[in-house]
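# Commentary on secondary and tertiary structure
Listed here are the chains, written in short residue letters.
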Amino acid sequence: PETGERLLLVSHPGRDLDGLAFSPDFKYLWYNQDDRGEVHRLELDTNGDLLQAEYMASFNLSWQNELNGMTTDACGNLYVLRTDGKISRYMPDGSKGVFIKLPGQYSSAIHFGSGIDGWELDHLYMMDRTGTLYDIDVGIPGAPEPHLQ
């Protein structure tokens, strides 16, 4: 907002992008193409120039389902939310880990707690568009957020 300057890092014309999440070391930025069920990862150098843009994973989605929010934990695992309430966990190397299925419908957002005022640092909070908020004990703290330290 200060300068109005912006830089195009990647482009996927005609695609619906969603779910930004930084790795805990801020080396990578994850995002998804929610309508295609694809997860991608960007790597920037210290000047903010793009080093690498890579496809990492794909989901087999039904016509009424898509990817939505994403977040990372302190170990670098990526949690990917689908609108049907499924949360998949991917390791930093892209291999798939566990997934959780919650009863939520039209799931929209996930984030780890801050560790402040009862919001548990090792709990994942998931919200859906029907007005429900879930508290999931993951047992791994979320990625540190520098502004909270």
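Above: the structure in question.
It should be emphasised that the depicted structure is a prediction, and the values quoted were computed from it without experimental measurement. (Residues numbered from 1 in each chain as written. Predicted model: local features only at pLDDT ≥ 70, side-chain atom pairs only at ≥ 80, totals over all residues. Heavy atoms only, no water.)

## Comments concerning the nonpolar core
In this structure, Trp30, Val39, Phe59, Met70, Leu78 and Val80 are the most contacted members of the largest nonpolar core, which totals 13 residues. Counting only elements with at least two residues in this core, the list comes to strand 2 (28-33), strand 4 (50-58), strand 5 (67-72) and strand 6 (78-82). Discounting residues that sit within four places of it in the chain, Val80 has contacts with Val39, Phe59, Leu67, Gly69, Met70, Lys86, Ile87, Ser88 and Tyr90. Among the nonpolar cores identified, the runner-up in size contains ten residues, and Tyr79, Leu81, Ile110 and Leu124 belong to it. (Core = buried A, V, L, I, M, F, W, Y, C linked by side-chain atoms within 4.5 Å. Buried < 20%, exposed > 50% of the residue type's maximum accessible area, 1.4 Å probe, protein only. Helix = DSSP H or I, 4+ residues; strand = E, 2+ residues; numbered from the N terminus. Contact = heavy atoms within 4.5 Å.)

## Here's the deal with the pairing of strand 3 (residues 38-44)
The two faces of the sheet receive side chains in turn, since in a regular strand these alternate between them. Among the seven residues in strand 3, six count as buried, and that is most of the element. Looking at chain direction, strand 2 and strand 3 are connected through six bridges and run antiparallel. Within strand 3, the residue paired with Asn32 across the bridge is Val39. Once strand 2 ends, the chain turns through four residues before running back antiparallel as strand 3, passing Gly37 with a positive phi of about 70°. Sheet topology note: the strand 3/strand 4 ladder contains seven bridges and is antiparallel. The partner of Arg41 across the bridge, within strand 4, is Glu54. (Pairing = 2+ DSSP bridges.)

## Let's talk about the sheet that holds strand 10 (residues 123-128)
Within a sheet, neighbouring strands are paired by backbone hydrogen bonds and run either parallel or antiparallel to one another. Reading across the sheet, the three strands line up as 9-10-11 and stay open at both edges, with antiparallel pairing between neighbours. Each edge of the open sheet carries a strand with a single partner, namely strand 9 (107-112) and strand 11 (133-137). Neighbour-to-neighbour, the strand axes of the sheet open up by a mean angle of 20°, direction not taken into account. As judged from the five bridges shared by strand 10 and strand 11, these two strands associate in the antiparallel manner. Bridging across to strand 11, Leu124 finds its partner in Ile136. (Axes fitted to C-alpha atoms, helices over the stretch in contact; angles between N-to-C directions.)

## A short note on the packing of aromatic side chains
With the rule as written, the count across this model stands at three aromatic pairs. When the ring of Phe22 is compared with that of Phe26, the centres are 5.5 Å apart and the planes differ by 45°; the resulting orientation is tilted. A residue is classified by how much of its surface remains accessible, and Phe22, at 45% relative accessible area, is partly exposed. Seen from their ring centres, Trp119 and Tyr125 are 5.0 Å apart, and the 75° between their planes marks the pair as edge-to-face. (Phe/Tyr/Trp six-rings, centres within 6.5 Å; stacked < 30°, edge-to-face > 60°.)

## With respect to the sheet that holds strand 4
Reading across from one edge, 1-2-3-4 is the order of the four strands in this open sheet, with antiparallel pairing throughout. In this open sheet, the two edge strands, each paired with only one partner strand, are strand 1 (17-22) and strand 4. When the angles between neighbouring strand axes are averaged without regard to direction, this sheet yields 20°. With four bridges joining them, strand 1 and strand 2 adopt antiparallel strand pairing.

## Quick look at the pattern of salt bridges
In total, this model carries four salt bridges according to the counting rule given. Residue Glu54 pairs with Arg41 through a salt bridge whose shortest N-O separation is 2.7 Å. Here Glu54 is found in strand 4, whereas its partner Arg41 is found in strand 3, with 13 residues between them in sequence. By relative accessible area, which is 22% here, Glu54 ends up partly exposed. Using a relative accessible area of 9% as the deciding quantity, one classes Arg41 as buried. (Salt bridge = Lys/Arg side-chain N within 4 Å of Asp/Glu carboxyl O.)

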